[in-house]
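Here is what each chain is made of, one letter per residue.
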Amino acid sequence: MQPALTRVLVLGASGLLGQYVAREALDRGYEVWGSYFSTPLPKNGLQPIRVDLGKPATIEEAFDRAEPDWTVLCAARTGVDDCEEVPQKAVLVNAQGPAHVARLCKDRDVRLVHVSTDYVFDGQDGPYDEKAGPNPLNHYGASKREGEDRVLAILPGALVVRLCAVYGWNRLRGKANSVTWILSLLRSAREVPLFADQRVSPSYAYEAATAILDLAPYLTSGYFHLATPDCVTRLELGKAIAEVFALPLELLRPTTMAAAQLLAPRPLHACLTSTRRDIRLKAPPRPLREALAHMRDAE
Ligand SMILES: NC(=O)c1ccc[n+]([C@@H]2O[C@H](COP(=O)([O-])OP(=O)(O)OC[C@H]3O[C@@H](n4cnc5c(N)ncnc54)[C@H](OP(=O)(O)O)[C@@H]3O)[C@@H](O)[C@H]2O)c1
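## Regarding the site of the ligand
Here's step 1: Among the 29 residues in the neighbourhood of the ligand, the closest are listed as S38, T78, Y140, K144 and K175.
Here's step 2: Protein chains shield 88% of the accessible area of the ligand, which is 910 Å² for the free molecule.
Here's step 3: Elements with a contribution of two residues or more to the shell around the ligand: α1 (16-27), β5 (111-117) and α5 (139-154).
Here's step 4: With 3 residues, the single largest contributor to the shell around the ligand is β5.
Here's step 5: Residues belonging to the shell around the ligand are distributed by class as follows: 16 nonpolar, 8 polar and 5 charged.

Below, the structure is given as structure tokens:
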């Protein structure tokens, strides 16, 4: 018999994924505390609280006030080039902060779902399942990898959910993601340069949130990969978006990652797949075009 969970603390509820986790939790009747960092969150049913993962006292205050049964750690420093520029801040927020969250969860008997990334892999031989060995190429990936390690060392019962190229409508922040960026260029009739050599298996934020909520009541631990079964190049992603949203394909321009001269190196083929037979989701991630159609209909 699983203990009933009633109170959840969503760290990073102002982010793309976190807003869907918080909304889904509210819809399922949980009492929800949601953290923000840079700009206050509207209440909309949840209890907003400011947390800086770089400042342990603010994390503790959130735990004191929320008294959660479980916590979902979506907050992170997610700018890949920004992490390359200031790696010490990436470590502070993406590794030391999660370690502190895990310690609080351990001390207070709180269940933890920690969200991580495909960027822990080097992309040489994807797709990667949960047994694959990480080898991050950049400081963002390295800081997230250190966060995973530290969380599981402190709290082996934590569930580390790895996602890839998270997308969906961001109802709280103006920040674009891999799909909304392509959509906004296509809708304004501008050319979209897209890598024909980088493969991703995009995670739909709404679906990932629903899966996390489904898993929360069970004592599931270790790594779990959550992404669409389709492993596509960025160019193929653009084609799928143009088709599903009925936008012009001619505006998609193939390019390569090398030509973009990005500050931080990125994995070329870091698609995710899952071989965890013990985890049975009520609704496994849909094929890419189906998920995009859901997003289109939810606009
Ligand atoms: N984006 C992707 O393509 C992708 C791919 C794979 C995995 N992931 C992982 O998925 C998770 C969610 O990503 P996302 O795309 O939803 O991120 P996001 O939209 O960039 O949101 C980041 C969240 O973290 C908060 N935050 C930033 N710095 C913070 C700090 N110092 N202390 C506390 N909170 C801080 C932000 O708050 P404010 O908005 O208030 O500043 C926001 O709530 C992350 O763990 C990320 O590593 C993302």
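On we go.
## Considering the pattern of salt bridges
Here's step 1: Within this structure, the stated rule accounts for 22 salt bridges.
Here's step 2: Between R199 and E236 there is a salt bridge, with the nearest N and O atoms lying 3.8 Å from each other. Taken as a pair, R199 in strand β8 (residues 199-200) and E236 in helix α8 (residues 234-244) lie far apart in primary sequence, 37 residues in all.
Here's step 3: On the accessibility criterion, R199 (29% relative accessible area) is partly exposed.
Here's step 4: Its relative accessible area of 33% is what places E236 among the partly exposed residues.
Here's step 5: One network of salt bridges, with partners in common, ties together E24, R28, D214 and K282.

Cut-off values and rules
- Residues numbered from 1 in each chain as written.
- Predicted model: local features only at pLDDT ≥ 70, side-chain atom pairs only at ≥ 80, totals over all residues.
- Heavy atoms only, no water.
- Near = heavy atom within 4 Å.
- Areas by Shrake-Rupley, 256 points an atom, 1.4 Å probe, with all protein chains shown as cover.
- Helix = DSSP H or I, 4+ residues; strand = E, 2+ residues; numbered from the N terminus.
- Nonpolar A, V, L, I, M, F, W, Y, C, P; charged D, E, K, R; others polar.
- Salt bridge = Lys/Arg side-chain N within 4 Å of Asp/Glu carboxyl O.
- Buried < 20%, exposed > 50% of the residue type's maximum accessible area, 1.4 Å probe, protein only.

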